[in-house]
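# Tertiary structure, described
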Amino acid sequence: MTTSTSARTLIRGGTVVTADQTFRADVYAEDGVIKAVGPDLDAPSDVTVVDAGGCYVMPGGIDPHTHMQLPFMGTVASDDFYTGTAAGLAGGTTMIIDFVIPNPKQNVMEAYRTWRGWAEKAAADYSFHVAITWWDDSVHADMGALVREHGVNSFKHFMAYKNAIMCDDEVLVNSFTRALELGAMPTVHAENGELVFQLQKQLLARGLTGPEAHPLSRPTAVEGEAANRAIQIAKVLGVPLYIVHVSCREALEAIARGRMDGHRVYGEVLAGHLLVDDSVYRHPDFEVAAAHVMSPPFRPKEHQAALWHGLQSGTLHTTATDHCCFCAPQKAAGRHDFTRIPNGTGGVEDRMAVLWHHGVNSGRLTMNEFVKVTSANAAQIFNIYPRKGSIAVGADADLVVWDPAATKTISAKTHHQNVDYNIFEGMEVTGLPRVTLTAGRVAWQDGDLRAVRGAGRYVNRPAFAPGFDAAAKRKEALKPRGVDRG
Ligand code: URP
Ligand code: ZN
Ligand code: ZN
Ligand code: ZN
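What you see as residue numbers is a count from 1 along each chain, following the sequence as written. Each chain is given a letter, starting from A, and each ligand a number, starting from 1, according to the order in which they appear as written. In keeping with the predicted nature of the model, local features appear solely for residues at pLDDT of at least 70, side-chain atom pairs appear and are counted solely at 80 or more, and the whole-chain, interface and lining totals rest on all residues. In computing side-chain values, all of the structure's heavy atoms are included and hydrogens and water are not.

### Examining the pairing of strand E19 (residues 428-438)
The rule is simple: take the accessible area with a 1.4 Å probe, protein chains only, and divide by the maximum for that residue type; under 20% is buried, over 50% is exposed, in between is partly exposed. A run of DSSP states H or I qualifies as a helix once it reaches four residues; a run of E qualifies as a strand once it reaches two. Both are numbered from the N-terminal end. With respect to burial, E19 is a largely interior element, 9 of its 11 residues being buried. The pairing of strand E18 (residues 399-409) with E19 spans 8 bridges and is antiparallel. When the sheet's bridge partners are listed, Lys-408 is paired in E19 with Val-429. Once E19 ends, the chain turns through 2 residues before running back antiparallel as strand E20 (residues 441-445), passing Ala-439 with a positive phi of about 50°. Should DSSP find at least two bridges between two strands, the strands are regarded as paired.

Structural data, given as structure tokens:
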């Protein structure tokens, strides 16, 4: 394998795996874009040749849910846009969709510009969902500007985090209505924030101050109620809906019911929720238990089985990480009050490997389904397909050369994420990226991370993904009609 950084790259001798096909082919990329896919391609002069013998060549992963350097709960997430995207590249993820989260009453465009500035150091491509945390006419106008002029096609709503960024139903209805008008996807963090708030108070009053109280304050019904409410609101308005980090059977069943009712509702599941259970919160070491505090919390094991079935059945569409890292000294803010532990865990580097190991190696997912749930579906839902999530002439050369025989033991001691803990610590995985290419350039090769600060590009996402045309037709077909009584 040569190691130049030329803008011409030939991936030779691999098996291409896309969302719907598996075939032997070389892939040739020039200036960041795939120019040819086929058997035995000629190598032009001055080309970087990547040997993919014995490997699969797949679209780079898209993590549709990360929070790099997020200011949250009195601190700032420890992975920034450079370290976080670099860690993603080490794990085969070539694009993230992060979140702009304005404070309530903060001008939305101002927040958007702030996040755009922070993200300039990203080493891989990125885009932003924008959170709607409050409502007035300026928010209505800014949503329009973001969609029409800034390539934003999704808006996030936190139904939890009362007295901070939580939306009530009034904001949800206003924002969902506006999103439909604009052809943008509303998304929700589904937890009933009032219930969480009251349960937290009750638990603290009983003297339950440790991390073991965190899941008790956010039982699965809290998530099921909010998921169901958001779905029913979206259904009444006729707007598609995407539910982030579905963690339990109740929320999964709400999505399944919504879909059975003919509604376009999509579900995302985190690698962590598929593989980690709630016993972590009873760990005797505060640091270990606090390191797992994230919302929704890790759940009893039976929910993990349900989530895998959700992925297998197509009720859940994407896999993400909600990568939002805080180190032990940051988590220590909640040593005497679990409600003050900054919520968040990592995983952007590990998602592809743990999904491959526990999904493909176990027979839960085919390789093509793996591509769907790690890149293609996110690209389609957020309307950047086939530029992202595919291997075809004209697509971005964001690629991963996947060695199905490579193994490692995941550990915070060796990971590239800027955090002192790994929720998959000690997990042995088989199937790893041998090479990751971002815009045709090798950024990870055989353990050597060559991420370039600032090389990532902002990805514009056009409005009116195909589901919106369909939604508009359904709305027209089902629109209220009066009775003509002469
Ligand atoms: O605990 C979490 N998930 N922290 C990040 C913010 C969010 O809720 O997604
Ligand atoms: Zn309007
Ligand atoms: Zn969330
Ligand atoms: Zn999140």
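### Some words on the pattern of salt bridges
Definition used for salt bridges: Asp or Glu carboxyl oxygen within 4 Å of a side-chain nitrogen of Lys or Arg. Scanning all chains against the criterion turns up 18 salt bridges. Here Glu-191 ties to Arg-218 by a salt bridge, and the two come within 2.9 Å at their closest N and O atoms. Taken as a pair, Glu-191 in the loop between strand E14 (185-189) and helix H5 (193-205) and Arg-218 in the loop between helix H6 (213-216) and helix H7 (220-237) lie far apart in primary sequence, 27 residues in all. For Glu-191, a relative accessible area of 0% corresponds to the buried category. Beyond isolated ion pairs, a larger network of salt bridges with shared partners links Asp-125, Arg-387, Lys-388, Asp-396, Asp-398 and Arg-457.

### Digging into the coordination of the zinc ion (ligand 2)
For the zinc ion (ligand 2), every protein donor is listed as His-140 (NE2), Glu-181 (OE) and Glu-181 (OE), and the spread of their distances is 2.2 to 2.8 Å. Here His-140 is found in helix H3 (residues 137-150), whereas its partner Glu-181 is found in helix H4 (residues 169-182), with 41 residues between them in sequence. With water excluded from the atoms, a metal site may look incomplete; its donors are any N, O or S atoms within 2.8 Å, or within 3.2 Å for Na, K and Ca.

### Considering the coordination of the zinc ion (ligand 3)
For the zinc ion (ligand 3), the protein coordination sphere consists of His-189 (ND1) and His-245 (NE2), at 2.1 Å. Angular criteria define each label, namely tetrahedral for four donors with all angles between 85 and 135 degrees, square planar for four and octahedral for six donors with opposite donors over 155 degrees apart and remaining angles between 65 and 115, and irregular for whatever fails these tests. Around the zinc ion (ligand 3) sit 4 donor atoms; with metal-centred angles ranging over 57 to 144°, the donor geometry is irregular. Here the zinc ion (ligand 3) and the zinc ion (ligand 4) are spaced 3.6 Å apart. Here His-189, found in strand E14, pairs with His-245, found in the loop between strand E15 (241-243) and helix H8 (249-260); they are 56 residues apart in sequence, far enough to count as distant. Neither residue differs from the other here; His-189 and His-245 are each classed as buried.

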